Amino acid sequence: EDAIAKRKVEIDNGPAMARIRESIQLDPSLPWTETLVMTYPHAIDVDVNDDLNREVAFYKQALQGATDARKLATKHNFPFTRPSDYFAEMVKSDAHMERVRQRLLDESAAIKKSD
Amino acid sequence: VDDVEETAPKKKKNKQRVLLLSSRGVTHRMRHLMNDLEALLPHVKKDSKLDSKSQLHLLPELADLNNCNNTLYFEARRHEDLYLWAAKMPNGPSIKMHVQNIHTMDELKMTGNCLKGSRGLLSFDKSFDETEWGRLTKEVFTHIFGVPQTARKAKPFIDHILTFSILDSKIWFRNFQILEKDPLQPNGPPQTTLVEIGPRFVLTPIRIFEGAFGGATVYSNPEFVSPAAVRSAIRREQSKKYNVRKDAED
């Protein structure tokens, strides 16, 4: 019954993947404003099971991306910040945001009570 | 007319449209994740569920009918496992991934919000550029998750950022709202802060195929263990404990 664990056949055909990538690649002369892609110059190197530090690492990546993108946007003369008088539908409805707010209030009330 | 065209060369555009659909048997959480993606990506065209899981070859045709050059296909198995195919149409490649740790925008813990249809920034960490499969995945994700400027419902401002990070050979997805002001100091100096909007999920790459939903495998992840195998291993481990106890009783 000591079955030998089946070894998986690994396929990692680098040249084929490089060729495919070149065949679908977007025109490199496209301005940045067409794709809005940022590359974070660091690798994420944290313990996967350490929830807090992992999320902090993702946050840092996003923050760096946002800051760099703002500079790029200024350079490209590209509108970035939404003016405060521009209103449009949001991904989360007002009713949903109200529930989120209520939950925050409930939480802080609970903390105060326990103090 | 010709003169005008010569003096002002046609501006190059990033034209992407994404077909989004699922198989039958998706749970509510999987469906909500799809709705979240539809809300965030205005260049997505959602289609009805695909009837048969064995007929993936219909997908390129379906994408063509909808004028889409990308497809995101969610495949649910056993009502608990979710797989995601991210594919370029009509000639591939296709990336098959296992989706885990889904949190949708409905959850009250994530307090961010953004305009419906605003173009998100995309951020990839450095690890994507270190392997060939990573570079290919980055390219495909750039097409699928990057909202083109010409998308019909796109808004002209940027208020959120999608991050893709490789950790533990998995791809972690997060979506943050970009705030100009620190919410704790509304009158302070402008400072960029982020609030998570959601959704969250983790993708484990399984295989990359050369074609659209088929063709030769160009990458397979040796570390991937199917969720069914994981569950049966856990059960075997539990039964081992039981057997040991029973043997001791005898």
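For the structure, see preceding data.
Every chain is numbered on its own, with residues counted from 1 as its sequence reads. Key to labels: chains lettered from A, ligands numbered from 1, both in the order written. Local features in this predicted model are restricted to residues of pLDDT 70 or higher, and side-chain atom pairs are both shown and tallied only at a pLDDT of 80 or more, whereas totals for entire chains, interfaces and linings draw on every residue. Excluding hydrogens and water, the side-chain values take into account all heavy atoms of the structure.

A. Structural context of the nonpolar core. The definition of a nonpolar core used throughout is a set of buried Ala, Val, Leu, Ile, Met, Phe, Trp, Tyr and Cys residues joined through side-chain atoms within 4.5 Å. Residue exposure (1.4 Å probe, protein chains only): buried if accessible area is under 20% of the type maximum, exposed if over 50%, otherwise partly exposed. One finds Leu72, Phe141, Phe145 and Phe164 of chain B to be the most contacted residues of the largest nonpolar core, which totals 51 residues. Ignoring anything within four residues of it in the chain, the contact list for leucine 72 of chain B reads Val18, Leu19, Leu20, Leu21, Leu37, Leu84, Trp85, Ala86, Ile144 and Phe145 of chain B. Judged by nonpolar contacts, the second largest core, of 15 residues, contains Trp32, Met38 and Ala73 of chain A together with Leu194 of chain B. Two residues form a contact once any of their heavy atoms are found within 4.5 Å.

B. The arrangement of the pattern of salt bridges in detail. Note on definitions: salt bridges are taken to be side-chain nitrogens of Lys or Arg within 4 Å of carboxyl oxygens of Asp or Glu. Across all of its chains, the model carries 25 salt bridges over all chains by this definition. Salt-bridge contacts for arginine 54 of chain A lead to glutamate 55 of chain A; the nearest nitrogen and oxygen are separated by 3.2 Å. Using a relative accessible area of 9% as the deciding quantity, one classes arginine 54 of chain A as buried. Judged by its relative accessible area of 16%, glutamate 55 of chain A is buried. Among the ionic pairs, arginine 174 of chain B bridges to glutamate 196 of chain B, the shortest N-O distance being 4.0 Å. In this pair, arginine 174 of chain B sits in strand 8 (residues 170-179) while glutamate 196 of chain B sits in strand 9 (residues 193-196), placing the two residues 22 residues apart along the sequence. Across the pair, exposure class does not vary: arginine 174 of chain B and glutamate 196 of chain B are buried alike. Salt bridges sharing common partners tie together Asp51, Arg54 and Glu55 of chain A together with Arg174, Glu196 and Arg200 of chain B. Only runs of H or I of at least four residues qualify as helices and only runs of E of at least two qualify as strands under DSSP, and these elements are numbered from the N terminus.

C. Representation of the packing of aromatic side chains. Residues and elements named next belong to chain B. The pairing test for Phe, Tyr and Trp rings, Trp by its six-membered ring, is centres within 6.5 Å, and the orientation test on the planes gives stacked under 30 degrees, edge-to-face over 60, and tilted for anything in between. Using the criterion set out here, one finds 16 aromatic pairs over all chains in the structure. Relative to phenylalanine 164, the ring of phenylalanine 145 has its centre 5.2 Å away and its plane inclined at 55°; by these criteria the two rings are tilted. Taken together, the residues span a long stretch of sequence, with phenylalanine 145 in helix 4 (residues 132-145) and phenylalanine 164 in strand 7 (residues 160-167) at a distance of 19 residues. Neither residue differs from the other here; phenylalanine 145 and phenylalanine 164 are each classed as buried. Members of the aromatic cluster, connected to one another through ring pairs, are Phe124, Phe128, Phe141, Phe145, Phe164, Phe173 and Phe201.

D. Representation of the interface of chain B and chain A in the model. If you look at the interface, chain B gives 75 residues, while chain A gives 63 residues. When two parts are brought into contact, each loses some accessible area as probed by a 1.4 Å sphere; the total of that loss over both is the buried area. Counting the surface chain B buries against chain A, the share from its top three residues, Leu108, Phe157 and Leu167 of chain B, is 11%. Run the count over chain B and chain A and you get 6 salt bridges. Counted as a polar contact is a pair of N or O atoms within 3.5 Å, where, for protein atoms, one must be capable of donating a hydrogen and the other of accepting one, and residues adjacent in sequence contribute only when both atoms are in side chains. For the interface between chain B and chain A, the tally reads 31 residue pairs in polar contact (both at pLDDT 80 or more). Listing elements by their share of the side of chain B that touches chain A, those giving two or more residues are helix 2 (28-40), strand 6 (121-124), helix 4, strand 7, strand 8, strand 9, strand 10 (200-209) and strand 11 (217-220) of chain B. In terms of residue count, the dominant contributor to the side of chain B that touches chain A is helix 4 of chain B (9 residues).

E. Just the side chain of lysine 92 of chain A, in detail. Structurally, the position occupied by lysine 92 of chain A is in the loop between helix 3 (51-76) and helix 4 (94-114). Neither His nor the chain termini are counted; the positive set is Lys and Arg, and the negative set is Asp and Glu. Among buried Asp, Glu, Lys and Arg side chains, lysine 92 of chain A stands out as unpaired, with aspartate 106 of chain B the closest opposite charge at 8.0 Å.

F. Expanded view of the pairing of strand 6 of chain B. Burial along strand 6 of chain B is two-sided: the residues Leu121 and Ser123 of chain B and Leu122 and Phe124 of chain B are all buried. Strands are labelled as partners when DSSP assigns at least two bridges between them. In terms of strand pairing, strand 2 (residues 37-39) of chain A meets strand 6 of chain B through 3 bridges, oriented parallel. Paired with valine 37 of chain A across the bridge in strand 6 of chain B is leucine 122 of chain B. Pairing geometry for strand 6 of chain B and strand 7 of chain B, over 4 bridges, is parallel. Counted as the bridge partner of leucine 121 of chain B is isoleucine 161 of chain B from strand 7 of chain B. Seen with its strands pointing away from the viewer, a crossover is right-handed if its path from the first strand over the helix to the second goes clockwise. Running through helix 4 of chain B, the crossover from strand 6 of chain B to the neighbouring parallel element strand 7 of chain B is left-handed.

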